[in-house]
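# Descriptive analysis of the structure
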Amino acid sequence: MRFRYVCSECRREFEITPELMVCPHHEQRPDRPLRGVLEVRFDDEVAQKFRRSLDIFDILPVPREFFPPIPVGNTPMWSPSNLRKKLELPNLYLKDDTANPTGSLKDRASFLVSAFARMHGIKDIVVASTGNAGSSMAGIGAAAGQKVTLFIPAAAPKAKLIQALQYGAHVVRVDGNYDLAYDLSLEYSRRFGGMSRNTGYNPMTIEGKKTAAIEIFLQLGRRAPNFVFVPVGDGVIIAGVYKGFADLMGAGLIETMPTVFAVQARGSNALCQAMEKGDFEPVSAQTVADSISVDVPRNGYHALANLKRYGGRCIEVTDDEILEAQLMLSSTTGLFAEPAASASLAGLLKVRNSIDQKGTIVLLITGNGLKDIAAAQKLVELPQKLIKSIDELE
Ligand SMILES: *Cc1c(COP(=O)(O)O)cnc(C)c1O
């Protein structure tokens, strides 16, 4: 077995199959994050091959030929020179995952889930999402020729809903929040079949997102950054980022884990609270950053264990700070990010004075600003006056 699942809690090992989602030796509790989240592990032969090839496909648990024909990942990482000067951070980078085909980092997870389903001849994929995971799965599924059923809460931004419909997904709108959509989607796949792509629950969602960390390593000229800022809702992106760097450590390609900052909206701060208290209490999430708005972070325990193990930190930012960071990012760099993605910069602004300012800092920019125009409109003023002649300009 070159690839296998390992339970992140009890370390039991399992063969990778599409039926297995979480370790069966742990009980799930309603209103609590998942227990027994499974991680993909690979043997030393795989690690050694990757060490020589540096080809990311070599450390993914699905052979390359199963991936759908759409260019996910390989997103740009670049130096925002105006922002570097403004913040006096000479080694700041933006990892622009808005450049993925459907406009968010979620494509990394959908890409691997889609390939995994194809490898097993599964044509139906079911997902609950506040927007990006759903529109992503719909787009990647369209490329793969898979049928995607999406459970989406009533409050999801319209652009993400329309995007999923454009891709031809079967969209079910839920009269309730993400947590209800999540439960309904699982019941649907139990009753009608289809593989669940629910974030955190399907282990391929974590594994797919690790590619962001591997690309950062490659784009920095084969080294790890000192600091990475990651917006956190369910805690799957951050777990994927840790997994990528852990794989690099395992292959002997880097020596130390970067300091990862988990950035949460103050109104959706379950993970930050758990960092302090040691356990999760459901919150009643409310934030302008819909992509990181969750009552119960599905991958909470796993993300928390990663943060504790590797000395990561949690930062809370207010909605105002998020919107100001969004505007600063757009207007100084040209990168227009949705509020959740702008939380990375908001988090950096909070800790800028307490970290090594010469360090290599990467902001993970996870989703495109066009996905939520209503939020982006809050801090800009639409000119009211319409003109017919240049003479009317003041
Ligand atoms: C999903 C998402 C996040 C948060 O990822 P989690 O895995 O839920 O922590 C952040 N930003 C954007 C744009 C997202 O779509």
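About the cut-offs
- Residues numbered from 1 in each chain as written.
- Predicted model: local features only at pLDDT ≥ 70, side-chain atom pairs only at ≥ 80, totals over all residues.
- Heavy atoms only, no water.
- Helix = DSSP H or I, 4+ residues; strand = E, 2+ residues; numbered from the N terminus.
- Rg over C-alpha atoms; globule rule 2.2 N^0.38 Å.
- Buried < 20%, exposed > 50% of the residue type's maximum accessible area, 1.4 Å probe, protein only.
- Contact = heavy atoms within 4.5 Å.
- Areas by Shrake-Rupley, 256 points an atom, 1.4 Å probe, with all protein chains shown as cover.
- Lys, Arg positive; Asp, Glu negative; His and termini not counted.
- Charge placed at Lys NZ, Arg CZ, Asp CG, Glu CD.
- Near = heavy atom within 4 Å.
- Polar contact = N/O pair within 3.5 Å; in protein donor to acceptor, adjacent residues only side chain to side chain.
- Nonpolar A, V, L, I, M, F, W, Y, C, P; charged D, E, K, R; others polar.
- Pairing = 2+ DSSP bridges.
- Axes fitted to C-alpha atoms, helices over the stretch in contact; angles between N-to-C directions.
- Disulfide = S-S within 2.5 Å.

Let us now look at the overall build of the protein. Along the protein, the regular secondary structure elements total 14 helices and 13 strands. Since a compact globule built from 394 residues should have a radius of gyration of about 21 Å, the 20 Å found for the protein is in line with a globular shape. By principal-axis analysis of the C-alpha atoms, the protein measures approximately 75 × 45 × 45 Å. When the 394 residues of the protein are sorted by exposure, 60% land in the buried category. When contacts within the protein are restricted to residue pairs at least 6 apart in sequence, those whose partners lie at least 24 apart make up 71%. Taken as a whole, the protein presents about 16,500 Å² of accessible surface, with 49% of it coming from carbon and sulfur. Side-chain charges in the protein split into 45 positive and 44 negative, and the spacing between the mean points of these groups amounts to 3 Å.

Moving on, we come to the site of the ligand. As a structural note, the neighbourhood of the ligand is formed by 16 residues, with Lys-106, Asn-132, Gly-233, Gly-235 and Thr-366 the closest of them. In the model, an oxygen atom of the ligand is placed 2.8 Å from a nitrogen or oxygen of the Asp-234 main chain. Thr-366 is positioned such that a nitrogen or oxygen atom in its side chain is 2.7 Å from a nitrogen atom of the ligand. If the ligand stood free it would expose 380 Å²; the protein chains cover 97% of that surface. Split into classes, the residues belonging to the shell around the ligand amount to six nonpolar, six polar and four charged.

Taken in spatial order, the four strands make up an open sheet running S8-S7-S6-S9, and their pairing is parallel. Every interior strand has two partners, whereas the edge strands, strand S8 (170-174) and strand S9 (195-196), have only one. Two strands pair when backbone bridges link them, and strand S6 (residues 124-128) and S9 are joined in this way by two bridges, in the parallel orientation. Counterpart to Val-126 in the pairing with S9 is Ser-196. Sitting on the sheet, helix H4 (residues 132-144) is in contact with S6 and strand S7 (147-153), with an inclination near 170° to S7.

This paragraph deals with the sheet that holds strand S10 (residues 227-231). Across the sheet, which stays open at both edges, the six strands sit in the order S4-S5-S13-S10-S11-S12 with mixed pairing between neighbours. At either end of the open sheet lies a strand with only one pairing partner, and these are strand S4 (77-78) and strand S12 (313-317). In terms of strand pairing, strand S5 (residues 92-96) meets strand S13 (residues 361-365) through five bridges, oriented parallel. Each residue of the ladder has a partner; that of Leu-92, found in S13, is Ile-361. Sheet contacts for helix H9 (residues 236-250): S10, strand S11 (259-265) and S13; angle to S10, the most-contacted strand, approximately 150°.

A few words on the state of the cysteines. For the structure on display, the rule yields one disulfide. The disulfide bridge from Cys-272 ends at Cys-314, spanning 2.4 Å between sulfur atoms. Disulfide Cys-272-Cys-314: the torsion about the S-S bond is -85°, which places it as left-handed. You can see Cys-272 sitting in helix H10 (residues 270-277) and its partner Cys-314 sitting in strand S12, a full 42 residues away along the chain. Accessibility expressed as a relative area gives 5% for Cys-272, which makes it buried. For the unlinked cysteine Cys-10, the closest cysteine sulfur is that of Cys-7, found at 3.6 Å. You can call Cys-10 partly exposed: its relative accessible area is 27%.

With respect to the secondary-structure elements, Arg-84 resides in helix H2 (residues 81-87). Its relative accessible area of 18% is what places Arg-84 among the buried residues. A C-alpha to C-alpha distance of 27 Å links Arg-84 and Pro-101, two positions 17 residues apart in sequence. Not counting the four nearest positions on each side in its chain, Arg-84 is found in contact with Ser-79, Leu-89, Pro-90, Asn-91, Leu-92 and Tyr-93.

In this fold, Ile-373 is placed in helix H14 (residues 373-376). Taking C-alpha positions, Ile-373 is 44 Å from Phe-14, a pair spaced 359 residues apart along the chain.

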